[in-house]
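Coordinate analysis (summary)
Okay, here's what each chain looks like letter by letter:
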Amino acid sequence: MPVIDLLERNAKLYPDEVALVELNPEEVDNRRVTWKEYDLIEPGRYEPYRREITWHVFDEKANRFANMLISRGIRKGDKVAIIMYNCLEWLPIYFGILKTGAIAVPFNFRYDADEILYCAELADTDMIVFGKEFIGRIEANADRLSKGRLLIYVGDNCPDFAESYRELVADCSSITPNIPITDEDYGAIYFSSGTTGFPKAILHKHQSLSQAAEMEMIHHSITRNDTFLCIPPLYHTGAKFHWMGSLCAGSKAVLLKGAKPKTILEAMSNEGCTIAWLLVPWAQDILDAIDSGNINLSEYQLSQWRLMHIGAQPVPPSLIKRWLEIFPHHDYDTNYGLSESTGPGCVHLGVGNVHKVGAIGIPGYRWECKIVDENGIPVKQGDVGELCVKGPGVMTCYYNNPEATDETIKDGWLFTGDMAMQDEDGFYFLVDRKKDVIVSGGENIYPVQIEDFLRKFDKIKDVAVIGVADKRLGEITAAIVEIKDGTECTEEEINEFCLGLARYKRPKKVIFDEIPRNATGKIEKPTLRKRYGADHLVASQNNS
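This structure is a prediction, so every number in the text was calculated from the model and none was measured.

On to the overall build of the protein chain, then. When helices and strands are counted, the protein chain shows 18 helices and 28 strands. Across the 544 residues that make up the protein chain, the buried fraction comes to 57%. Once local pairs closer than 6 in sequence are excluded, the contacts in the protein chain between residues at least 24 apart make up 69%. Here the protein chain has roughly 22,600 Å² of accessible surface; of this, 47% comes from carbon and sulfur atoms.

Right under this line is the structure:
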């Protein structure tokens, strides 16, 4: 069943029930406040900017947008890009695109002007829908973007190079367009995160979207009594397809702008949220705020919160151990996935497997997994190799890139590029990205293993390990370390702690700096490699 059918079902069965809530804590009492001001506000004293829509209104808005698209010549198979921050308009626009049979193409909101142009041309987009925050980036290439494309603006004071969403949909029909959609039709193009290179366009059928929705509902036992807190950006497959579990169940979701500990806990408390998907830095910030006394849990109503799950990056076991000490009644799940597999869930820990925290888990609902060597031959259980997954959420192809498609999909198996191993109980453990493996003096070194070890040091907030060129060994390891606020730490302390590692795994250089992460929480290692390349390291060593 295509996901648009789920929306229409909910609109008929639960028309007056709340489907989506938008919360923006930067706007309090109809005025914008700084985060510093917001931190000083007592819990529950002021209400943040809040909007909501019912399932009936959600469906109506999607229909109006769909009918507007059709009136402007958008047809089945055309491609409509979205570049907006999370807001109440985002999902109705997305579903309006799907209802026309067109292909939805979400853009990363961190793209600069040239990346927007690149992705628009790579995906052959016919329209770009954008929010107020992106006026400058669209305007920078407006002449090229507007050639053969419609530019639709969502917000007040429409720029003269675009057309107004609000005016265009005002008089459009709210009746569902009569366009047959099946699971075999193309539904969306997503872009790879770019952490290992420039983004590739990932084409999915409606089958992938339906699989993700059903799988999320099953994995996390979502019912109509649940309320999902959605913080990550909706352009990303993780946020969207975790939310689709709520769509499948017909339950409420809250779109929260902001990820500070106080912001998250107030939203969970005030909206009665039962499920939250967090990234590692957000979960760690909550724990730090509790441990430091900046957060008093007694000020929040959190007894209904039943599930916290994490994805998008390796999860330190120490973090989850501490989380469950503070929230012992919580279920916990780790979700592994990639945009090529319709986001998270092709492998997941499972809420009953907390004893295996540290693993990414077991094959998800309707998925298969295997680990292979460089020749594609399955390795022995316990050996490291490349993780491959197979299931109804595998992408159709990299759009306009048959060579990359052939390298990634073989006999229906998606080669993930992640190095993993399977233990004696059948649980998969992520070792590292294939492209991130460091080869030093002939030894394969997996940065994630070193990062997991270093995160156990109580002075470290975040860490990334990269390889840099070395004349003698080929590469050596450098650890970029971010220290917790208000804490002092020396390189000698780090080196002493690393004596617990095998000698060849110990970082040869320690660099103190902030760890850059993208909007989905992944470490931006290309940025670190560029910042701390061979020249920098040699200079540092000569000065030490």
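Enumeration over the complete set of coordinates arrives at two cavities of 30 Å³ or more. The space that makes up the second largest cavity amounts to roughly 40 Å³. Together, Ala212, Met215, Glu216, His219, Phe241, His242, Asn335, Pro344 and Gly345 line the second largest cavity. Breaking the lining of the second largest cavity down by element, the ones donating at least two residues are helix 9 (206-219), helix 10 (237-249) and strand 16 (343-348). Residues of the lining of the second largest cavity, tallied by class, amount to four nonpolar, four polar and one charged.

Attention now goes to the pattern of salt bridges. Overall, the coordinates contain 25 salt bridges when judged by the stated rule. Here Lys99 and Glu8 are joined by a salt bridge, their closest N and O atoms 2.6 Å apart. Of the two residues, Lys99 is situated in helix 4 (residues 90-99) and Glu8 in helix 1 (residues 3-13); the sequence distance between them amounts to 91 residues. There is no split in this pair, since Lys99 and Glu8 are both buried. Asp291 is the salt-bridge partner of Arg322, the closest N and O atoms lying 2.6 Å from each other. In this pair, Arg322 sits in helix 13 (residues 317-326) while Asp291 sits in helix 12 (residues 280-292), placing the two residues 31 residues apart along the sequence. Taking the relative accessible area as the measure of exposure, Arg322 reaches 31% and is therefore partly exposed. One continuous salt-bridge network, built from bridges that share partners, spans Glu22, Arg51, Glu89 and Lys257.

What follows covers unusual backbone geometry. The phi dihedral of Thr342 falls on the positive side, at around 60°, and the residue is not glycine. Looking at where Thr342 falls in the secondary structure, it is placed in the loop between strand 15 (331-338) and strand 16. What makes Thr342 buried here is its relative accessible area of 2%.

Another point: the packing of aromatic side chains. Scanning the model with the defined rule gives 21 aromatic pairs in all. A ring pair is formed by Phe109 and Tyr235, whose centres lie 5.4 Å apart and whose planes are at 80°; its orientation type is edge-to-face. Pair noted here: Phe109 is in the loop between strand 5 (103-106) and helix 5 (113-122) and Tyr235 is in the loop between strand 11 (227-230) and helix 10, with a separation of 126 residues, a long-range link. Ring geometry for Trp305 versus Phe327: centroids 5.4 Å apart, planes at 50°, classification tilted. A residue pair is termed long-range when its members are at least 10 positions apart, and Trp305 in the loop between helix 12 and strand 14 (307-311) and Phe327 in the loop between helix 13 and strand 15 qualify at 22 residues. This pair shows no difference in class: Trp305 is buried, exactly as Phe327 is. Site record: aromatic cluster; members linked through ring pairs are Trp55, Phe58, Trp90, Tyr94, Phe95 and Trp243. Residue placement shows Lys200 over the ring face of Tyr398; its charged tip is 5.1 Å from the ring centre.

Our next topic: the side chain of Ser339. Inspection of the secondary structure puts Ser339 in the loop between strand 15 and strand 16. The residues touching Ser339, leaving out its near neighbours within four places in the chain, are Phe191, Ile202, His204 and Thr237.

Bringing the nonpolar core into the picture now. One finds Tyr94, Phe95, Trp243 and Leu278 to be the most contacted residues of the largest nonpolar core, which totals 126 residues. Each residue touching Trp243, except ones within four places of it in the same chain, is listed here: Leu20, Trp55, Phe58, Leu91, Phe95, Phe228 and Ala253.

Assignment of secondary structure puts Thr54 in strand 3 (residues 48-54). Thr54 sits in the buried class, given a relative accessible area of 17%.

With their axes 7 Å apart at the nearest point, helix 9 and helix 10 run at an angle of 75° to one another. Relative to helix 10, the element helix 9 is oriented roughly perpendicular. In this structure, helix 9 uses Leu209, Ala212, Ala213, Glu214, Glu216 and Met217 to contact helix 10, whose residues at the interface are Phe241, His242, Met244, Gly245, Cys248 and Ala249. Looking at the contact of helix 9 with helix 10 residue by residue, the classes come out as eight nonpolar, two polar and two charged.

Burial along strand 13 (residues 275-278) is two-sided: Ile275 and Trp277 facing one way and Ala276 and Leu278 facing the other are all buried. One ladder, built from two bridges, connects strand 11 with strand 13; its direction is parallel. Counterpart to Leu229 in the pairing with strand 13 is Ala276. Here strand 13 runs beside strand 14; their pairing, made up of four bridges, is parallel. Each residue of the ladder has a partner; that of Trp277, found in strand 14, is His309. For the handedness criterion, the β-α-β arrangement of strand 13, helix 12 and strand 14 is classed as right-handed.

Before going further, it helps to spend a moment on helix 15 (residues 447-454). Counting buried positions along helix 15 yields six of eight residues, so the element is predominantly enclosed. Of the residues making up helix 15, those classed as buried are Pro447, Val448, Ile450, Glu451, Phe453 and Leu454.

Per-residue pLDDT for the protein chain averages 88, and the proportion of residues at 70 or more is 89%. Note that residues 29-39 has pLDDT below 50 and, in this model, 24 contacts with residues that lie over four places away or in other chains. The low-confidence segment residues 534-544, where pLDDT is below 50, has nine contacts with residues more than four positions distant or belonging to other chains.

Glancing now at the pairing of strand 5. Here strand 5 shows no split at all, with Ile103 and Val105 on one side and Ala104 and Pro106 on the other all buried. Once the chain exits strand 4 (residues 79-83) it traverses helix 4 before rejoining the sheet at strand 5, and the crossover so formed is right-handed.

Basis of the calculations
- Numbers given to residues run from 1 along each chain, matching the order in which its sequence is written.
- Local features in this predicted model are restricted to residues whose pLDDT is 70 or higher, and side-chain atom pairs enter the listing and the counts only when it is 80 or higher, whereas totals over whole chains, interfaces and linings include all residues.
- The side-chain quantities take in all heavy atoms of the structure and omit both hydrogens and water.
- Each helix corresponds to a stretch of at least 4 residues labelled H or I by DSSP, and each strand to a stretch of at least 2 residues labelled E; elements are numbered beginning at the N terminus.
- To sort residues, take the accessible area from a 1.4 Å probe on protein chains only and compare it with the maximum for the residue type: under 20% means buried, over 50% means exposed, and anything in between is partly exposed.
- Pairs of residues are marked as contacts when any of their non-hydrogen atoms sit within 4.5 Å.
- For the accessible areas, the method is Shrake-Rupley and the probe is 1.4 Å, while residue cover comes only from the protein chains on display.
- Only protein atoms enter the 1 Å grid used here, on which a cavity is any set of points holding a 1.4 Å probe that cannot leave and a pocket is any open set flanked by protein within 12 Å on both sides along at least five of seven lines; residues with an atom within 4 Å of a point are listed as lining.
- Grid points are joined across faces, edges and corners, and a volume is the space filled by probe spheres set on the points.
- Side-chain classes follow a simple rule in which Ala, Val, Leu, Ile, Met, Phe, Trp, Tyr, Cys and Pro form the nonpolar group, Asp, Glu, Lys and Arg form the charged group, and the remainder, Gly included, forms the polar group.
- Counted as salt bridges are all cases of a side-chain nitrogen of Lys or Arg within 4 Å of a carboxyl oxygen of Asp or Glu.
- Side-chain rings of Phe, Tyr and Trp, where Trp is taken by its six-membered ring, are said to pair if the distance between their centres is within 6.5 Å; with planes under 30 degrees apart they count as stacked, over 60 as edge-to-face, and otherwise as tilted.
- Note on geometry: a ring has a charge over it if NZ (lysine) or CZ (arginine) is within 6 Å of the ring centre and within 35 degrees of the ring normal.
- Only buried residues count toward a nonpolar core. Its members are Ala, Val, Leu, Ile, Met, Phe, Trp, Tyr and Cys residues joined through side-chain atoms within 4.5 Å.
- With axes taken as lines fitted to C-alpha atoms, and helix axes fitted only over the stretch in contact, angles between N-to-C directions fall between 0 and 180 degrees.
- What sets the label is the angle itself: under 35 degrees gives roughly parallel, over 145 gives roughly antiparallel, 65 to 115 gives roughly perpendicular, and the rest give oblique.
- Only when DSSP finds a minimum of two bridges between them are two strands counted as paired.
- Note on handedness: a clockwise path from strand one over the helix to strand two, with the strands aimed away from the viewer, defines a right-handed crossover.
- Within a predicted model, pLDDT stands for the predictor's per-residue confidence, ranging from 0 to 100.

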